[in-house]
Amino acid sequence: MTSLIQVTLSLGSNIDRFKHINAALTALENEFGEVISSPIYESEAVGFDGSAFLNSIAIIYTQKSLTNVISVLKNIEDRHGRDRTGPKFSPRTLDIDVVTYGGFHGNHEGIELPRAELFKNAFVLRPMADLLPEDSVPGLTLSYAQLWQQFDQSKQALAPVNFVRR
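**So, helix α2 (residues 66–79)**
- Here α2 is 14 residues long and its end C-alpha atoms lie 20 Å apart, about the 20 Å a rise of 1.5 Å per residue gives.
- On the buried face of α2, the contacting elements are β1 (5–13), α1 (17–32), β4 (53–62), β5 (95–101), β6 (106–108) and β7 (111–113).
- Once α2 finishes, G81 follows within two positions and takes phi at roughly 85°, a positive value.

**Section: the packing of aromatic side chains**
- Counted under the stated rule, the structure contains 3 aromatic pairs.
- Both rings, one in W148 and one in F151, keep their centres 5.6 Å apart while their planes meet at 15°; by these two values the pair is stacked.
- Residue classification places W148 among the buried positions, given a relative accessible area of 12%.
- On the accessibility criterion, F151 (10% relative accessible area) is buried.

**Notes on the environment of P39**
- Considering the arrangement of structural elements, one finds P39 in the loop between β2 (36–37) and β3 (40–43).
- We classify P39 as partly exposed; its relative accessible area is 39%.
- Between the C-alpha atoms of P39 and L54, which are 15 residues apart in sequence, the distance is 10 Å.
- Apart from residues no more than four positions distant in its own chain, P39 is found in contact with N55, S56, P127 and D130.

The rules behind these values
Residues numbered from 1 in each chain as written. Predicted model: local features only at pLDDT ≥ 70, side-chain atom pairs only at ≥ 80, totals over all residues. Heavy atoms only, no water. Helix = DSSP H or I, 4+ residues; strand = E, 2+ residues; numbered from the N terminus. Expected span 1.5 Å × (residues − 1). Contact = heavy atoms within 4.5 Å. Phe/Tyr/Trp six-rings, centres within 6.5 Å; stacked < 30°, edge-to-face > 60°. Buried < 20%, exposed > 50% of the residue type's maximum accessible area, 1.4 Å probe, protein only.

Structure, rendered in structure tokens:
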């Protein structure tokens, strides 16, 4: 029997935000079973002028390859109105990205892991530290909590959001 791989996902939305974050969590449960979700945070748009985002980290467990997981995530995004015709940094109904895939680090199936946004964006690192404070970042000896403590928290404001699943 193949063991399950822990995958962490970054979820974000700045169009009909509560609806799409809720829909993403439901779709992930339908695809992968149990989903463990971090607190939800509001953050300013990064890379463009736009409405604030809601962001979260979700943990899933799967036997699927990284490529298959990404395919499922793109399908979920598309079903929820993701427009891929605009610039990379633009408003979006739903954005779901793999942050970590098991303990892999470096290039795995053509994807660089852990995702670089983990080290650059408070809206990725803070919820990771909330969910997995003592876990080591793949490829580092630092835990997520230690990495968050070292992060320049003054450069990106985060506000916790009261979020109720529907």
